Amino acid sequence: MTSNGRAPSRSVIGACTALGLGALLLSPAVPAARASSHREAPLISQDPNADNTDLYAFVSPDRPDTVTIVANYIPLEEPAGGPNFAAFGDDVLYAINIDNDGDGEEDIQYRFRFKTTIRDPNSFLYNTGPIASLHDSNWNMPQTYTVTRVERGEHGSGKARVLGSDIPTPPVNVGPRSIPDLPGGVKVFAGQRDDPFFVDLGSVFDLAGLRPFNGAHLIPLDPGPGVDGVGGFNTHSIVIQVPIDQLTRNHRTPSGPDDPTAVIGVYASASRKRVRILRDDGTTRQEASWVQVSRLGEPLVNEVIIPLGKKDFWNRSDPADDAQFVPFYRSPELARVVNVLYGDKLAALGGAPARTTDRDDLVLILLTGVPLPGGHNLNFTGNAKADLLRLNLAIGPTHSVGQGDPLGVLNGDLAGFPNGRRLEDDVTDIELRAVADGYGSLLASLFGLPNHSPNNQIGDGVNQNDMPFLPHFPYVATPHQGYEHEHHMAGSASTPHLN
């Protein structure tokens with residue numbers, strides 16, 4: 001124990017180990033792993049307003065003729081972060097991008113631009129009294145936004161249509177006060193929400209520790225329940241719900257999962273003007289064209305697949321150009337990390353090392369989508385390799401919001417990750433098991449993928465969100481209050497079981 005009565009971290013223990021072990025842990029081959037901390041690249045970590053934290057896409061459980069897409073920005077918002085609370089950036093172009101023909105290029109884009117007004121510049125307060133409505137004069141910094149749909153033409157030109165303007169966001173620390181219906185049956189929400197991602201950040205960043213498996217780590221600690229490192233924090237969500245026939249390339253509802261138009265690919269992005277000028281009076285001016293500074297499709301890709309020296313470049317790249325990153329998928333560093341830190345103990349328990357080369361299974365899952373045996377389709381979009389969250393629009397919801405199997409397709413729930421991503425999907429455990437070659441019996445029988453045990457039990461012990469999701473749009477839970485909230489709630493000492 002340390003002098004403050006707490007158990008030492010592996011970082012502390014590592015500093016006290018023999019030189020040989022310390023050199024191994026600090027060598028370039030075994031860096032500290034990165035989970036979805038929402039600060040996935042050096043440059044974007046300094047620009048939280050433009051930082052994509054997570055992306056979700058699913059067929060709406062209560063409106064199965066629509067798709068709901070959730071794009072989150074601004075990582076780890078402290079609810080009590082006043083007097084200048086987090087808000088969308090007025091100088092950021094936020095976008096949700098849809099590829100509906102499998103080429104990796106966006107065919108439909110929903111753009112969101114925000115505008116903040118300061119009602120009383122002589123007050124330092126965010127609100128000068130209780131806020132009773134969206135138009136209450138006590139709200140000193142109201143924010144509104146405009147939604148524009150852009151459709152790409154045959155020659156790359158875009159046809160833009162404003163769907164709504166001057167739409168109010170709710171004030172921070174408060175639930176949604178206004179969810180407007182836009183033309184064509186589209187719903188939209190933008191504002192602060194509870195961060196729906198759940199993961200043990202503290203343990204994962206302590207040399208890839210997983211508390212339920214602490215005893216199997218190269219530097220063992222006492223096993224214990226996972227701790228939700230994102231629990232108690234908020235984020236800013238853009239949520240849009242769109243009728244399915246407005247997203248397919250033929251503008252029709254697919255006839256079934258094998259319909260060639262059934263699968264779309266989604267990614268979220270944030271862009272800034274290329275030139276920013278700081279004036280002496282404290283204001284700014286932006287000039288020149290927009291440049292993408294952040295993007296997100298599949299979860300955890302830029303965090304644990306793309307190496308440090310390429311992360312900022314990856315954020316600036318388009319998904320259509322992702323073939324250049326294939327070597328990092330086929331030879332994932334994370335697999336080597338798992339083998340070094342857990343390999344001997346996993347082998348002693350009957351497991352096997354994860355494959356570190358020729359990982360075409362990860363290319364399939366994360367870059368092209370997955371075909372099913374017998375000529376059927378889960379979410380395969382063709383051979384073009386692009387980081388997109390692929391969703392089969394004809395695979396309907398299997399459960400109400402928050403009730404799906406957290407292991408998704410690994411446990412036979414085809415409406416879950418990696419077919420899109422629901423709020424309840426435990427993507428950390430799913431991707432850890434995939435990288436560690438613990439795919440479960442179902443995928444082993446269907447595709448011949450490895451299913452080593454206990455590799456197929458690996459997880460961080462944080463198996464669900466700290467807040468219940470809403471049963472209706474916008475689904476993401478109400479944000480935590482600044483006055484009263486808590487962080488780092490304990491999870492479970494066990495991980496979700498495969499069927």
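Rules used in this analysis
Residues numbered from 1 in each chain as written. Predicted model: local features only at pLDDT ≥ 70, side-chain atom pairs only at ≥ 80, totals over all residues. Heavy atoms only, no water. Helix = DSSP H or I, 4+ residues; strand = E, 2+ residues; numbered from the N terminus. Rg over C-alpha atoms; globule rule 2.2 N^0.38 Å. Buried < 20%, exposed > 50% of the residue type's maximum accessible area, 1.4 Å probe, protein only. Areas by Shrake-Rupley, 256 points an atom, 1.4 Å probe, with all protein chains shown as cover. Lys, Arg positive; Asp, Glu negative; His and termini not counted. Charge placed at Lys NZ, Arg CZ, Asp CG, Glu CD. Contact = heavy atoms within 4.5 Å.

A.B. asks: Would you take a moment to explain the overall build of the protein for this structure?
C.D. replies: A tally of regular secondary structure across the protein gives 10 helices and 14 strands. Scaling as 2.2 N^0.38, a compact globule of 499 residues should have a C-alpha radius of gyration of about 23 Å, and the protein matches this with 23 Å. Every one of the 499 residues in the protein was classed for burial, and the buried ones make up 54%. Total accessible area on the protein is roughly 20,400 Å²; 54% of this is exposed by carbon and sulfur atoms. If the 39 positive side-chain charges of the protein are averaged to one point and the 58 negative ones to another, these points end up 4 Å apart.

A.B. asks: What is the right way to look at unusual backbone geometry in this model?
C.D. replies: Here the bond from Gly82 into Pro83 is cis, since omega is 5 degrees, no more than 30 degrees from zero. In this fold, Pro83 is placed in the loop between β2 (66–77) and β3 (93–99). The peptide bond linking Phe417 to Pro418 adopts the cis configuration, its omega dihedral lying at 10 degrees. With respect to the helices and strands, Pro418 occurs in the loop between β14 (389–392) and α9 (427–435). At His251, a position not held by glycine, the phi torsion is positive, near 60 degrees. You can see His251 is positioned in the loop between β9 (234–243) and β10 (263–278).

A.B. asks: Mind showing me how you'd approach helix α8 (residues 360–368) here?
C.D. replies: The α-helix advances 3.6 residues per turn, and as a result positions three or four apart in sequence lie on the same side. Most of α8 is tucked away: seven of the nine residues are buried. Within the span of α8, buried status applies to Asp361, Leu362, Val363, Ile365, Leu366, Leu367 and Thr368. In this structure, the buried residues of α8 make contact with α4 (301–304), α6 (326–330), β14 and α9. Immediately beyond the C-terminal end of α8, within one or two residues, lies Gly369, with a positive phi of roughly 90 degrees.

Functional significance is not addressed by these values, which are geometric in nature.
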